[in-house]
Amino acid sequence: EDVFGRLNVACPTQLQHRKFVLDLSVHEDRQLCKLILFIIMKEGKGAIDPKLLSLCAYGPSVTELRPMIVPPEWWGKAGPPLAGIFAIRYAVDKDMPAVRRRAAKQYCGWE
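Just so you know, the residues in each chain are numbered from 1, in the order the chain's sequence is written. Residues qualify for local features only when their pLDDT is at least 70, as the model is predicted, and side-chain atom pairs are given and counted only at 80 or more; totals for whole chains, interfaces and linings, by contrast, use all residues. Think of the side-chain values as coming from all heavy atoms in the structure, minus any hydrogens and water.

1. Some points on the overall build of the protein
If you tally the helices and strands in the protein, you get four helices and four strands. Going from the N terminus to the C terminus, the protein shows its helices and strands as α-β-α-β-β-α-β-α. We compute the radius of gyration from the C-alpha atoms alone; for a globule the expected value is 2.2 Å times N to the 0.38, where N is the number of residues. What you see for the protein is a C-alpha radius of gyration of 13 Å, in line with the 13 Å of a compact globule of 111 residues. Seen through its principal axes, the protein has C-alpha atoms that stretch 35 × 35 × 25 Å. Think of it in three bands: with a 1.4 Å probe and only protein chains considered, a residue is buried below 20% of the maximum accessible area for its type, exposed above 50%, and partly exposed in between. Among the 111 residues that make up the protein, the fraction classed as buried is 42%. Under the DSSP-based scheme used, a helix requires at least four consecutive residues in state H or I and a strand at least two consecutive residues in state E, with every element numbered from the N terminus.

2. Re the nonpolar core
Within soluble globular proteins, side chains that are nonpolar generally end up buried alongside one another. Remark: nonpolar core denotes a set of buried residues (Ala, Val, Leu, Ile, Met, Phe, Trp, Tyr, Cys) joined through side-chain atoms within 4.5 Å. Grouped together as the largest cluster of nonpolar side chains are 23 residues, with contacts concentrated most on Leu22, Leu35, Ile36, Phe86 and Ile88. Only β1 (19-23), α2 (27-43), β2 (53-59), β4 (85-90) and α4 (97-108) provide two or more residues apiece to this core. Of all the elements, α2 adds the most residues to this core, at nine residues.

3. Comments concerning unusual backbone geometry
Of note in this structure, His17 is not a glycine but carries a positive phi near 65°. For His17, the location among the structural elements is in the loop between α1 (6-9) and β1. Residue His17 is classed as partly exposed on the basis of its relative accessible area, which comes to 43%. Positive phi outside glycine occurs at Lys45, with the angle close to 60°. Looking at where Lys45 falls in the secondary structure, it is placed in the loop between α2 and β2. Residue Lys45 is classed as exposed on the basis of its relative accessible area, which comes to 69%.

Structure (structure tokens):
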């Protein structure tokens, strides 16, 4: 990931049950956060179901992460904050391939 960049190696079609720890001060991590939240919100029909997040935490550093029930709705619309660490795991078993392909095209430049 460090060599190629997180967005280049991230696979929107296979992000469920994978733990992400994102440094929101890094542009690429913020973009990956937007991609993940876009998928979660679209697959949840505009809402984030807290039962589908087996991990959701935010803080100023990895050692100071505080659990969140769900990320604030505005993160999914306007984007996450420009600083802090965000940890998330999307624990969905059934995905929506069309939503994932749209996210891949929009955020990763896939055709």
